[in-house]
Amino acid sequence: MPLSKRIEQVLAPIYKQRVPVIVLKGIKILVSLLPPVLTGNLLNNLNQYDGDRAFFYIGMIAAVLAVYFLLDWAQDYLWYRMEYIGTGIIRSYLFANVIRKSFLYHKDHSVGDLEGKVVHDAGIYAHAKISMMPMLFLNIIHILVILALLFSRDVPMTFATIAFSAIFFLLYKLINKHIRKATLREREGYSEVLTTTHETLAGVNTIQLYGEEEFFAHRFEKTVDKYEHFLINLRKWKGFALAANNKLVGLLPLVAVFVGLYLYRADIVIAGIGTIVTYYLLLPALVDPIKSLTEFSIDYQNARAVEGRLEELLADETQTNSKLEQIDKIQSLEFSNICYKYDDGTEVLWDVNFTVKPGDALAVVGPSGAGKTTFLRMLKRQLHPSWGQILINNKNHHLVDEKSYINRIAVLAQDIFVFDDSITANIKFGKDIPDAEIQRLAKICALDHLDLEDSATKLSGGERQRLGLARALACQYDVLILDEPTTELDAATETKIIQNLKAVQQENGCIFIVITHSQNVLDNLCNKSLTLSKPK
Ligand code: ADP
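Below is a summary of the structure that appears in this document. A quick note: this is a predicted structure, and the numbers were derived from the prediction, not measured.

**Notes on the state of the cysteines**
Across all of its chains, the model carries zero disulfides by this definition. Cysteine C475 shares no disulfide, and the gap to the nearest cysteine sulfur, in C445, comes to 12 Å. You can see C510 has no disulfide; the closest cysteine sulfur is in C526, sitting 12 Å from it.

Here is the structure:
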């Protein structure tokens, strides 16, 4: 489903709230037109009114202005409230998609780029999806009502106004193209600034250790300069559009009055002074809707520019496929003649074969660059074999519903992601696990000497690694992949962990797949081994 349809689905509750707010805005527009008309009538008929009637009329105009003020305030508050809530919904939706995107996608996209899209572009898109069409509708109604009122006063003067207004639109058509191109470049520049900020701050320790602060500050400055250039270019076109608009709208009453004077000459002072005043008061009221209409085209160009950028954030829709085999427990896992080639032609795995069953612990060994990480990604179905087949319970994995088993393969990755919360929360990692179970896991992973309510961010490298192990063991797994699980541990702790893992396996009969260089792990945990080597 395309982005715009999906967003319309998540915005459905906001769309329901829109109707009363649009009605309120419509009423505000109508009320705003009353004072100029009433003032014109008052002036046209002043010589027929006695003092009381004139004062009554003035009081009425003042009351209408007070109502207008309240309506204007209420609709502004409700409108922006709706837009902000909608922006939040879109951001959350996009973020939920981004964290489901494939490993390859994240490899290719920087954090800054994604942040720019989820945080900033989402705001522009929310405005477009929520406000753009109702605003267009309301602005057109606004202009039509003003023109109807003007026509009821004077036909030739109104025609002159319309003819002059058409000039705006022709002008805008000419500059829209530039605005769209400039917006796209500005968005890309913004993402680049975020990316540079992120990666530099993430590596600030290394930068300081090497004393290269100046180089990286300069690198940031260059990115910012580029962005500034894009921003200035965009402002040039936007400013041109808005300034042209302001000046042309300012000319409108003059054009109308000029035509009026030309047509009526002397009569105007005697019969139509109120009409001229109505024109003078109403025509500036055209400024806002015409401005909004021209901004509509800017918003529209912006929305189109960001829509393309946001479209690619959508995660593939993986659904449970009932036609495929469902798996409750992984009883065997087999690689048969597996080969893998990256898109750029790099051949990584070549004719990989093994079978593991409950109780097995397969050691995967090989030098750096041999394809151990690629192999791990394939086990989790983040990459698909270029050749050969993966068999789950003796069935080709294409015939098995991925959703039914993929979470039964738990992973202890090399990089342990720790977020700013307690050790307990970091082990639970979003799951609902009783505290007693957390304590049991902490003991297995030799973390029981720590206060589990302490912050996890202060842990040492070895403690982080054991926290990662506890997190993996907390999953409902049949297969546990351990990627270099003991690199940060001293020999005694490593031996203890190996013993504990063996006990876990005896208890639950799981399969271990262990990527390792440790002789201790090879000798004392694993009963099978697979050697990966770089293809020649
Ligand atoms: P290991 O984990 O054993 O060090 P990897 O699986 O990370 O090995 O990488 C194996 C080879 O594949 C390396 O030569 C690496 O450069 C290459 N490689 C890894 N990821 C990609 C990718 N996304 N595109 C192209 N080549 C890649």
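Further notes follow.
**Some remarks on unusual backbone geometry**
With glycine set apart, most residues show a phi of negative sign, and most peptide bonds adopt trans. Residues other than glycine seldom take positive phi values, yet N337 does so here, at roughly 50°. Its identity is not glycine, yet N394 carries a phi of approximately 65°, on the positive side. Relative to the elements of secondary structure, N394 occurs in the loop between β4 (387–392) and β5 (395–396). With a relative accessible area of 58%, N394 lands in the exposed category.

**As for the environment of I58**
Note on placement: I58 falls in helix α3 (residues 51–98). The class of I58 is partly exposed, set by a relative accessible area of 44%. Taking the C-alpha atoms as reference points, I58 and T39, separated by 19 residues in sequence, lie 8.0 Å from one another.

**So, the packing of helix α1 (residues 3–10) against α3**
Here α1 crosses α3 at 125°, and the two axes come no closer than 10 Å. Overall, the two elements α1 and α3 adopt an arrangement that is oblique. Every pair of crossing elements has a handedness; the one defined by α1 and α3 is right-handed. Residues L3, R6, I7 and V10 of α1 pack against I89, I90, Y93, L94 and N97 of α3. A class-by-class count of the residues in the contact of α1 with α3 yields seven nonpolar, one polar and one charged.

Parameters and conventions
Residues numbered from 1 in each chain as written. Predicted model: local features only at pLDDT ≥ 70, side-chain atom pairs only at ≥ 80, totals over all residues. Heavy atoms only, no water. Disulfide = S-S within 2.5 Å. Helix = DSSP H or I, 4+ residues; strand = E, 2+ residues; numbered from the N terminus. Buried < 20%, exposed > 50% of the residue type's maximum accessible area, 1.4 Å probe, protein only. Axes fitted to C-alpha atoms, helices over the stretch in contact; angles between N-to-C directions. Parallel < 35°, antiparallel > 145°, perpendicular 65-115°, else oblique. Left-handed = near helix turned anticlockwise from the far one by under 90°. Contact = heavy atoms within 4.5 Å. Nonpolar A, V, L, I, M, F, W, Y, C, P; charged D, E, K, R; others polar.

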